[in-house]
Amino acid sequence: MTKNNETSSTNIQAIAQRFSLAGWISFWIQLVLGVISGIVLLFAFFGQRLDSPSNNPGTGFGAFLAVCGLILLGAGIYLAFRYTRIGKQLESSNPSNRPRKQDSVQVIRLGVWISLGGVLLTVLGAQALVGTLVARALSTQGTIVQLNDPNRINGLDMLLVQANTNTILAHFASLVASLFLLNRITK
């Protein structure tokens, strides 16, 4: 084996390790935060229905965007797992079993776009939810809030904001992993 082939093989092995490491870290961060966000959203939706269907006017759009962000997070989780498979393929001793650099870059770019789309949808959802909560808080300022007041802010409202924040963090982790891999593979 020539020195150039040894250097190329060492470089491919290093890239394979980075794909596996970044993929697994991103996968687990997204999965844990996504499951927590999903459970929190389900709890908030069912809790609101039990509490009062009219208790949260204006949060529907924000909640819809939160769910859309979670759906994109599912795609991000799949791509993070795919990064680990690319890393495994790159470790192959047979060069014909390895994915082409162009194909790997395309998968990473898809991951970047999915993460950016997820961040956008989830941030817009958070803005809608927080805007609604601020408006409700300002409308009750200086008045006595009754238990069945539709302008009352309750813990379930805050759970929606928390779920959005977790989803944003998960998309951010995915974005960092994708950009790290993109930077490494294009060197």
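Structure's up top.
Residues numbered from 1 in each chain as written. Predicted model: local features only at pLDDT ≥ 70, side-chain atom pairs only at ≥ 80, totals over all residues. Heavy atoms only, no water.

### Remarks on the overall build of the protein
Across its full length, the protein carries four helices and zero strands. Reading the helices (α) and strands (β) of the protein from amino to carboxyl end gives α-α-α-α. With 187 residues in all, the protein has 42% of them scored as buried. Within the protein, residue pairs in contact and separated by at least 24 positions form 88% of the contacts whose partners lie at least 6 positions apart. Of the roughly 10,500 Å² that the protein leaves accessible, carbon and sulfur atoms contribute 66%. (Helix = DSSP H or I, 4+ residues; strand = E, 2+ residues; numbered from the N terminus. Buried < 20%, exposed > 50% of the residue type's maximum accessible area, 1.4 Å probe, protein only. Contact = heavy atoms within 4.5 Å. Areas by Shrake-Rupley, 256 points an atom, 1.4 Å probe, with all protein chains shown as cover.)

### Some words on a nonpolar patch on the surface
A surface patch of nonpolar side chains, amounting to about 460 Å² of accessible area, comprises Trp24, Trp28, Val32, Ile36 and Phe81. For the nonpolar patch, the element with the highest residue contribution is helix α1 (residues 3–51), accounting for four residues. (Patch = residues over 30% accessible without salt bridge, like charges linked within 9 Å, V, L, I, M, F, W, Y side chains within 5 Å. Salt bridge = Lys/Arg side-chain N within 4 Å of Asp/Glu carboxyl O.)

### A look at the packing of helix α2 (residues 60–90) against helix α3 (residues 101–139)
Following both chains from N to C, one finds α2 and α3 inclined at 160 degrees, their axes separated by 8 Å at the closest point. Viewed along their axes, α2 and α3 adopt a mutual orientation that is roughly antiparallel. Judged by the sense of rotation from one axis to the other, the crossing of α2 with α3 is left-handed. (Axes fitted to C-alpha atoms, helices over the stretch in contact; angles between N-to-C directions. Parallel < 35°, antiparallel > 145°, perpendicular 65-115°, else oblique. Left-handed = near helix turned anticlockwise from the far one by under 90°.)

### Description of the packing of aromatic side chains
Scanning all chains against the criterion turns up five aromatic pairs. Seen in terms of ring centroids, Phe19 and Tyr83 are 6.2 Å apart; in terms of plane orientation they differ by 80 degrees. Their pairing is edge-to-face. Here Tyr83 lies in helix α2 and Phe19 lies in helix α1, a separation of 64 residues in the sequence. For the pair Phe19 and Tyr83, one class covers both residues: buried. (Phe/Tyr/Trp six-rings, centres within 6.5 Å; stacked < 30°, edge-to-face > 60°.)

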